[in-house]
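Listed below are the residues making up each chain.
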Amino acid sequence: MASGVGVSGECAGIYNDLKLGKKYKYIIYNLNKNYTEIIVEKTSTSTSYDDFIADLPEAECRWAVYDFDFEKEDGGKRNKLVFVSWSPDDAKVKQKMLFASSRDALRRSLVGIAAEIQGTEYSEVAYESVLEKASRGH
């Protein structure tokens, strides 16, 4: 089900700055005030995963891309781009529905995502949960 919400051209451009230029560690996406377009709400260069989690509001939906670094058990370093759909239980139902139906438009514009996380509570987007999903098959 598509919502008819468009994706700002800035979304893919800033994503490419993160992916190719490594200018950012993460990007937080939101809907504009009129709920007609997906926009970049915030970018950050902070390497603290706790800062990223703190930027996900307790009672509002968001999407995010995080450049996730981790080490394999054999010691090899890896990084993967992780797409996060944040839809907390306390968010309003209308907002959850709009974010769910708009997700694919944003997701299709972001080429190179290696893992996807859907979170309704902070434990689902905790570092260990993301590490488990990101490190599968590598």
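What you see is a predicted model; the values in this text were computed from it and never measured.

A look at helix 3 (residues 93–109)
Move 1: If you check helix 3, its first and last C-alpha atoms are 25 Å apart, about what 17 residues at 1.5 Å a residue would give, namely 24 Å.
Move 2: Bending of helix 3 peaks at approximately 40 degrees at the position of Ser102.
Move 3: Listed in full, the buried residues belonging to helix 3 are Gln95, Phe99, Ser101, Ser102, Arg103, Leu106 and Arg107.

Some thoughts on the pattern of salt bridges
Move 1: Across all of its chains, the model carries 11 salt bridges by this definition.
Move 2: Across the salt bridge formed by Lys22 and Asp67, the nearest N and O atoms sit 3.1 Å from each other. With Lys22 in the loop between helix 1 (9–19) and strand 2 (26–31) and Asp67 in strand 4 (residues 62–71), the pair connects residues that are 45 residues apart, well separated along the chain.
Move 3: For Asp67, a relative accessible area of 5% corresponds to the buried category.
Move 4: Linking Glu41 and Arg62 is a salt bridge whose minimum nitrogen-to-oxygen distance equals 2.9 Å. Taken together, the residues Glu41 in strand 3 (residues 37–44) and Arg62 in strand 4 connect sequence positions 21 residues apart.
Move 5: A relative accessible area of 37% means that Glu41 is categorised as partly exposed.

Regarding the layout of surface pockets
Move 1: Here the largest pocket is characterised by a volume of approximately 150 Å³.
Move 2: Forming the boundary of the largest pocket are 13 residues, of which Ser85, Ser87, Phe99, Ala100 and Arg103 lie nearest the centre.
Move 3: The leading source of residues in the lining of the largest pocket is helix 3, at four residues.

Some words on the UniProt feature "domain: ADF-H" (unreviewed entry) in the protein chain
Move 1: With numbering matched to this structure, UniProt assigns "domain: ADF-H" (unreviewed entry) to residues 4–135.
Move 2: As annotated, residues 4–135 comprises 32% helix and 31% strand, and the C-alpha atoms at either end are separated by 34 Å.

Re the pairing of strand 6 (residues 115–119)
Move 1: In strand 6, alternate side chains face the same way, and those of Ala115, Ile117 and Gly119 are buried while those of Glu116 and Gln118 on the opposite face are not.
Move 2: For strand 5 (residues 77–86) and strand 6, the ladder comprises five bridges, and the chain directions are parallel. By the bridge assignment, Val82 is partnered in strand 6 with Ala115.

Cut-offs used in this document
- Residues numbered from 1 in each chain as written.
- Predicted model: local features only at pLDDT ≥ 70, side-chain atom pairs only at ≥ 80, totals over all residues.
- Heavy atoms only, no water.
- Helix = DSSP H or I, 4+ residues; strand = E, 2+ residues; numbered from the N terminus.
- Expected span 1.5 Å × (residues − 1).
- Bend = angle between axes of the 7 residues up to and from the residue.
- Buried < 20%, exposed > 50% of the residue type's maximum accessible area, 1.4 Å probe, protein only.
- Salt bridge = Lys/Arg side-chain N within 4 Å of Asp/Glu carboxyl O.
- 1 Å grid on protein atoms, 1.4 Å probe; cavity = no way out; pocket = protein on both sides within 12 Å on 5 of 7 lines; lining within 4 Å.
- Points joined across faces, edges and corners; volume = space filled by probe spheres on them.
- UniProt positions renumbered as here; feature names shortened; annotations may be inferred.
- Pairing = 2+ DSSP bridges.

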